[in-house]
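Fold and geometry: a report
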Amino acid sequence: MFSILTFFSLLVLISALFFHHYRRIRNLISKDSTDFKITNYFFWQVKRISGLFKTSIKKDCQKLLHKVLYLRYPTAEKWSIILLSLSFVLLAASGFIYALFITQSLYGYPLLLHVILGGVFSVCLSVVVVLQAPIYSFNKEVEFSKDTFERREVKKHVTVAQKILFWLFVIPGLLLALTALSLMLPVFSLPAQLVVIDIHRYSALSALLSAIAFTYFTFINDVK
Ligand code: HEM
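Notes on the structure follow.

Each value, and the rule that gives it
- Residues numbered from 1 in each chain as written.
- Predicted model: local features only at pLDDT ≥ 70, side-chain atom pairs only at ≥ 80, totals over all residues.
- Heavy atoms only, no water.
- Donors = N, O, S within 2.8 Å, 3.2 Å for Na, K, Ca; no water.
- Tetrahedral: all angles 85-135°; square planar, octahedral: opposite > 155°, others 65-115°.
- Helix = DSSP H or I, 4+ residues; strand = E, 2+ residues; numbered from the N terminus.
- Patch = residues over 30% accessible without salt bridge, like charges linked within 9 Å, V, L, I, M, F, W, Y side chains within 5 Å.
- Areas by Shrake-Rupley, 256 points an atom, 1.4 Å probe, with all protein chains shown as cover.
- Salt bridge = Lys/Arg side-chain N within 4 Å of Asp/Glu carboxyl O.
- Near = heavy atom within 4 Å.
- Polar contact = N/O pair within 3.5 Å; in protein donor to acceptor, adjacent residues only side chain to side chain.
- 1 Å grid on protein atoms, 1.4 Å probe; cavity = no way out; pocket = protein on both sides within 12 Å on 5 of 7 lines; lining within 4 Å.
- Sits in = over half its atoms within 2 Å of the grid points.
- Nonpolar A, V, L, I, M, F, W, Y, C, P; charged D, E, K, R; others polar.
- Expected span 1.5 Å × (residues − 1).
- Buried < 20%, exposed > 50% of the residue type's maximum accessible area, 1.4 Å probe, protein only.
- Phe/Tyr/Trp six-rings, centres within 6.5 Å; stacked < 30°, edge-to-face > 60°.
- Points joined across faces, edges and corners; volume = space filled by probe spheres on them.

Listed as protein donors to the iron atom of the ligand are His-114 (NE2) and His-200 (NE2); their distances from the metal cover 2.1 Å. Of note is the iron atom of the ligand, whose six donor atoms meet at the metal with angles of 88 to 180° in an arrangement that counts as octahedral. With His-114 in helix α5 (residues 108-132) and His-200 in helix α7 (residues 190-223), this residue pair connects regions lying 86 residues apart in the sequence.

As C-alpha cells, then:
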C-alpha cells in the first residue's frame, strides 16, 4: 500500500508541476489561454523530457550549487538550510530505497546512517523554522532582501503557495523526529511500534511531496 501510494502521489505531483510550468511558460508567451491544446502540451513535455538527457547534469548541479552557495543569508541560516536540504535528501534516499525496493526494513549501517542524519535533520529543521518563520508567516506581508551574485540587493516576495508548502514540510518533519524518538523509547508494544513506523513512513512521504513542490515554487519565484 505504501509503495503504491508513494509512486502514485509522486507521479501525480510531478505531472501537475510539469503542467503548471507549461501553463506558466505559455502565459508568458501569449496571454490568450483559449488556444490551449493538450497535444501541444504532450509534444512540449516529450521535448522537455528528452531535453533532460541532453543537458549536462553536471552543469545543472554546478548552477544549483552556485545558487545555494551564493545564498546571501547570514551564515548560520545559510548552512542550516544547506545541511537541512542535504540531510533530507540522504534520509529520503536511505528510507525510501528500503521502503520501496528492499523487502527487509532499514537495518545495520544504513539504519545507523539514517538515524545520524536524522539528528542533523532535526537540529537544522528547528534552526530554519525559528529563523525563517517570520518570512513564511501568514499574518503579515513580508518581503525579504537577498543579494544576487552581482551584489545587487533584490526584494523577494514570498507567495502564498511557498508559505503553505513551507509549513506542509515543517509539520511532517516534526512528526518524523517525534516518531523516530518514540521508537527509541521502551514504551510501545510491537503492534504500536508498527503503527509508529507507518506514521513515520507516511510523514516521510508528505514531507517529500511538499519539499518537491516547495523547491519548484521557490525556483520559479526566483527566476521572476
Ligand atoms: C528526523 C529524523 C529521523 C530519524 C531519527 C529517523 C529514524 C528512522 C528509523 C529508526 C527508522 C527504522 C524504523 C524501523 O523500521 O524500525 C526509519 C525508517 C524510515 N525513515 Fe526515517 N528517520 C528520520 C527522518 C526521516 C526522513 C526525513 C525521511 C524521508 C523523507 C525518512 C524516511 C524513512 C522511511 C521511508 C523509513 C522506512 C524504511 C523501511 O520501510 O524500512 N526518515 N527512520
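On we go.
Bringing a nonpolar patch on the surface into the picture now. There is a patch of nonpolar side chains on the surface, built from Leu-174, Leu-175, Leu-178, Val-195 and Ile-199 and spanning about 430 Å² of accessible area. At the level of secondary structure, the elements contributing two or more residues to the nonpolar patch comprise α6 (160-184) and α7. At three residues, α6 tops the list of elements feeding residues into the nonpolar patch. Note that Leu-178 resides in helix α6.

The next thing to look at is the site of the ligand. Not every one of the 23 residues close to the ligand is listed here, only the nearest: Ser-105, Leu-106, His-114, His-200 and Arg-201. One nitrogen or oxygen atom from the main chain of Leu-106 is found 2.8 Å from an oxygen atom belonging to the ligand. A majority-of-atoms criterion places the ligand in the second largest pocket. Those elements that provide at least two residues to the shell around the ligand are α4 (75-101), α5, α6 and α7. Considering only residue class, the shell around the ligand consists of 16 nonpolar, six polar and one charged.

It is worth spelling out helix α1 (residues 2-29) at this point. A rise of 1.5 Å per residue sets the reference length of α1, with its 28 residues, at 40 Å; its end C-alpha atoms lie 40 Å apart and thus fit the reference within 8%. Among the residues of α1, Phe-2, Thr-6, Ser-9, Leu-13, Leu-17, Phe-18, His-21, Tyr-22 and Arg-26 are the ones counted as buried.

A word on the packing of aromatic side chains. By the definition in use, this model includes 12 aromatic pairs. Considering the side-chain rings of Phe-2 and Phe-96, the 5.9 Å spacing of their centres and the 15° angle between planes classify their relative orientation as stacked. In this pair, Phe-2 is assigned in helix α1 and Phe-96 in helix α4, connecting sequence segments 94 residues apart. Seen in terms of ring centroids, Phe-166 and Phe-214 are 6.3 Å apart; in terms of plane orientation they differ by 50°. Their pairing is tilted.

The calculated volume of the second largest pocket comes to roughly 880 Å³. As for the second largest pocket, its lining consists of 31 residues, and the residues nearest its centre are Leu-106, Leu-111, His-114, Leu-183 and His-200. Among the elements of the structure, α4, α5, α6 and α7 are those that each provide at least two residues to the lining of the second largest pocket. Grouping the amino acids of the lining of the second largest pocket by side-chain chemistry returns 20 nonpolar, 10 polar and one charged.

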